[in-house]
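# Structural features, examined
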Amino acid sequence: MMKTGMLIISNPNIVHRVLPMLQSEIKNTVYIQYFPATKWNKSLTLKNTIKNTPNWPLYSSSLIGLYSKALPYKHLDVRVLLSGIRNQNLSKVITKNPVEVVYYDKLFSKEEMHKYVGTFIQNKSLECQVIELSDQMEDSPMDEDNKETQEHVYDYVVLGGTFDRLHYGHKIMLSEAILRCKKKITVGVTDTQMLKSKKLWELVEPCDLRMRKVRDFLEEVEPSLEYDIVPINDIFGPTKDDPTFQMIVVSSETIGGGGKINEIRAANDLNPLCIHEVELLADINRENEVEEMKISSSNLRIRCLGTLLRPPQPKAMIPVRPYIVGLTGGIASGKSNIGEHLKQLGAGVVDCDRLAHYVYRPGTTGHRQVVELFGSDILDEMGAVDRKKLGAIVFNNKEQLDRLSALVWPLILEEAQVQAQTLYSQGHEVVVLEAAVLIRARWTEACHEVWVSIVPPTEAIKRVMERNGISEDEAKARLDSQPTNTDYVEQANIVFCSLWQKEFTHKQVDKAWTNLKERLSLP
């Protein structure tokens, strides 16, 4: 199976027939070079039909159609190169990935296509294959472009967005901007401060990575333009004060923002921006009821739940078996429910939070050390540690709490490891250490990998208030004393979110468990 291929076509309607074949032969990227048949002659030289005013927007519908036809093939990264539409004197095609195979339609002869591949495609493998599409692929009638349509093309175009996990909706927005620009495109990419209102914002890619992906896409599909990719910390970005901008590209969801920008520009004595609206694509790959109907980054983040976000690093100091999964999360994040479901799936589960009281029961070393540290006044009539008396000391004094933690945490981990070995001897290849303090106690070093459960802080506060019968301020204080969701996600190999119905949380856990068994080659 090859990693990268190119499809050179004059009829965009054949793509829905070609992609099913390509998905079984191409692993990663498919470049589509579209040469409108009315513009190109047999020697791949542009006919002199474009004079002073380019009409590149004429091909918007073909562009959107090409990306729409690629939606069912989720593993393919389809990219429509725009040089065949925009450039009168095509000199070279430079792709980031080396092209290993080129498919072409019947507009071109074999000799012409071999010449084209050898002359224009700069980045190709030494053994790049050139394959003519069969006649069965080409029985779709060609659309006639509406030559009466003429849209203005601008020197300076701007657009903005989060651009998380660059998807086909983003590609269409960026490509639509290219088709309407002669000189420079500015793209504003939302920085971290603006993300917190978004669903599962903790899983959004870093801003510098999103900016790099946007630039790579733009420079690949049309390298002749100038691009300025900038981080933005408010919804208007540079549009509110840059006098050079002439057009803004917006989605049908954010078109209201375009009008607001023009109000601000008018107040600043700047020219209004022409607004080009791009319709949202329906998400035909929608996997569950919590996802949006449109293609969105939110849907892609939801699909990341229960999947391996980063591979676990080898831990030479930990025995290979049992395989230890650390399960943690903030207060009211649903980790106990996840631990219970993992137990039903076949994992051994150690509840480390319950062990905290077990390790200082009467007669143990932990009991003696706690009494030495806090005095005998913390004992009840039977000589056991009175949790209320101890809590009154430590929960109002961080220094005292740290002293108790430093004493108890190593004892808990030691006992958890003993119980893990017992569960392994009973046939559990995978043992889950469920622990609220997993990160703070640095027990991640004792785990092969870490699984984390999160919910938005507002939901956690609501759950704590209902569960414990306490005020909002008290619930918020408890939440603020713990690591943030971002802290948890940074340590996680797999993330769950229990915001929705319990059944959807279980689906996430099922996905993670199935993947883990495959990785460990377990039955």
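All of the points below concern the structure found in this document. In this text, all values refer to a predicted model and were calculated from it rather than measured experimentally.

With that out of the way, let us pick up the nonpolar core. Ile 185 and Val 187 are the most contacted members of the largest nonpolar core, which has 77 residues in total. A total of 7 residues in this core trace back to one element, the largest contributor, which is helix α5 (residues 168–179). If you look at the next biggest cluster of nonpolar residues, it comprises 48 residues, including Leu 203, Val 290, Leu 404 and Ala 420.

Turning our eyes to something else, we now look at the sheet that holds strand β15 (residues 494–497). Within a beta sheet, neighbouring strands are joined by backbone hydrogen bonds and run either parallel or antiparallel to one another. Spatial ordering of the open sheet is given by β12-β13-β11-β14-β15, a layout of 5 strands whose pairing is parallel. At either margin of the open sheet sits one strand with a lone partner, and together these are β12 (348–351) and β15. Going across the sheet, the axis of each strand differs from the next one's by a mean of 25 degrees, ignoring polarity. As defined by bridge partners, strand β14 (residues 449–454) adjoins β15 across 4 bridges and the pair is classed as parallel. When the sheet's bridge partners are listed, Ile 454 is paired in β15 with Cys 497. Along the sheet, helix α9 (residues 335–345) makes contact with β11 (323–329), β12, β13 (430–434), β14 and β15, crossing β11 at roughly 155 degrees.

What follows deals with the packing of α9 against helix α17 (residues 502–520). In contact at an axis separation of 10 Å, α9 and α17 are set at 55 degrees when each is read in the N-to-C sense. By the angle class used here, α9 and α17 are oblique. The element α9 and its partner α17 pack so that their crossing is right-handed. Residues Asn 337, Ile 338, His 341, Leu 342 and Leu 345 of α9 form the contact with α17, whose own contacting residues are Lys 502, Thr 505, His 506, Val 509, Asp 510 and Trp 513. For the contact of α9 with α17, the class distribution of residues is 5 nonpolar, 4 polar and 2 charged.

Next up on the list: the packing of aromatic side chains. Within the structure shown, the criterion is met by 7 aromatic pairs. The interplanar angle of 90 degrees and the centroid separation of 5.8 Å between the aromatic rings of Phe 35 and Tyr 116 together place this pair among those described as edge-to-face. Residue Phe 35 is located in the loop between β2 (26–34) and α2 (60–70), and its partner Tyr 116 is located in helix α4 (residues 110–120); the two are separated by 81 residues in the primary sequence. By relative accessible area, which is 2% here, Tyr 116 ends up buried. Ring geometry for Trp 500 versus Phe 504: centroids 5.5 Å apart, planes at 80 degrees, classification edge-to-face. Assigned by exposure class, Trp 500 and Phe 504 land together as buried. Site record: aromatic cluster; members linked through ring pairs are Phe 35, Phe 108, Tyr 116 and Phe 120.

Turning our eyes to something else, we now look at unusual backbone geometry. A cis amide bond, omega 0 degrees, links Arg 321 with the succeeding residue Pro 322. Inspection of the secondary structure assignment puts Pro 322 in the loop between α8 (297–304) and β11. We note that Phe 163 has phi near 55 degrees; this positive angle belongs to a residue other than glycine. If you trace the backbone, Phe 163 turns up in the loop between β6 (154–161) and α5. For Leu 200, which is not glycine, the phi dihedral falls at a positive 55 degrees. With respect to the helices, strands and loops of the structure, Leu 200 is situated in the loop between β7 (181–190) and α6 (207–221).

All right, on to the pairing of β11 then. Of all 7 residues in β11, 7 are buried, a share of seventy percent or more. Because side chains alternate across β11, one face comprises the buried residues Tyr 323, Val 325, Leu 327 and Gly 329, and the other comprises Ile 324, Gly 326 and Thr 328, equally buried. Note: β11 against β13, 5 bridges, orientation parallel. Pairing of Gly 326 across the sheet is with Leu 433, part of β13. Sheet topology places β11 next to β14; 5 bridges connect them, and they run parallel. Each bridged residue has a counterpart across the sheet, and for Thr 328 the counterpart in β14 is Val 452.

Time to look at helix α1 (residues 15–22). Those residues of α1 that fall on the buried side of the exposure criterion are Val 15, Val 18, Leu 19 and Leu 22. In a view along the axis of α1, the buried residues occupy a sector of 100 degrees, so they form one face of it.

The rules behind the values
Residues numbered from 1 in each chain as written. Predicted model: local features only at pLDDT ≥ 70, side-chain atom pairs only at ≥ 80, totals over all residues. Heavy atoms only, no water. Core = buried A, V, L, I, M, F, W, Y, C linked by side-chain atoms within 4.5 Å. Buried < 20%, exposed > 50% of the residue type's maximum accessible area, 1.4 Å probe, protein only. Helix = DSSP H or I, 4+ residues; strand = E, 2+ residues; numbered from the N terminus. Pairing = 2+ DSSP bridges. Axes fitted to C-alpha atoms, helices over the stretch in contact; angles between N-to-C directions. Contact = heavy atoms within 4.5 Å. Parallel < 35°, antiparallel > 145°, perpendicular 65-115°, else oblique. Left-handed = near helix turned anticlockwise from the far one by under 90°. Nonpolar A, V, L, I, M, F, W, Y, C, P; charged D, E, K, R; others polar. Phe/Tyr/Trp six-rings, centres within 6.5 Å; stacked < 30°, edge-to-face > 60°. Arc of directions from axis to C-beta.

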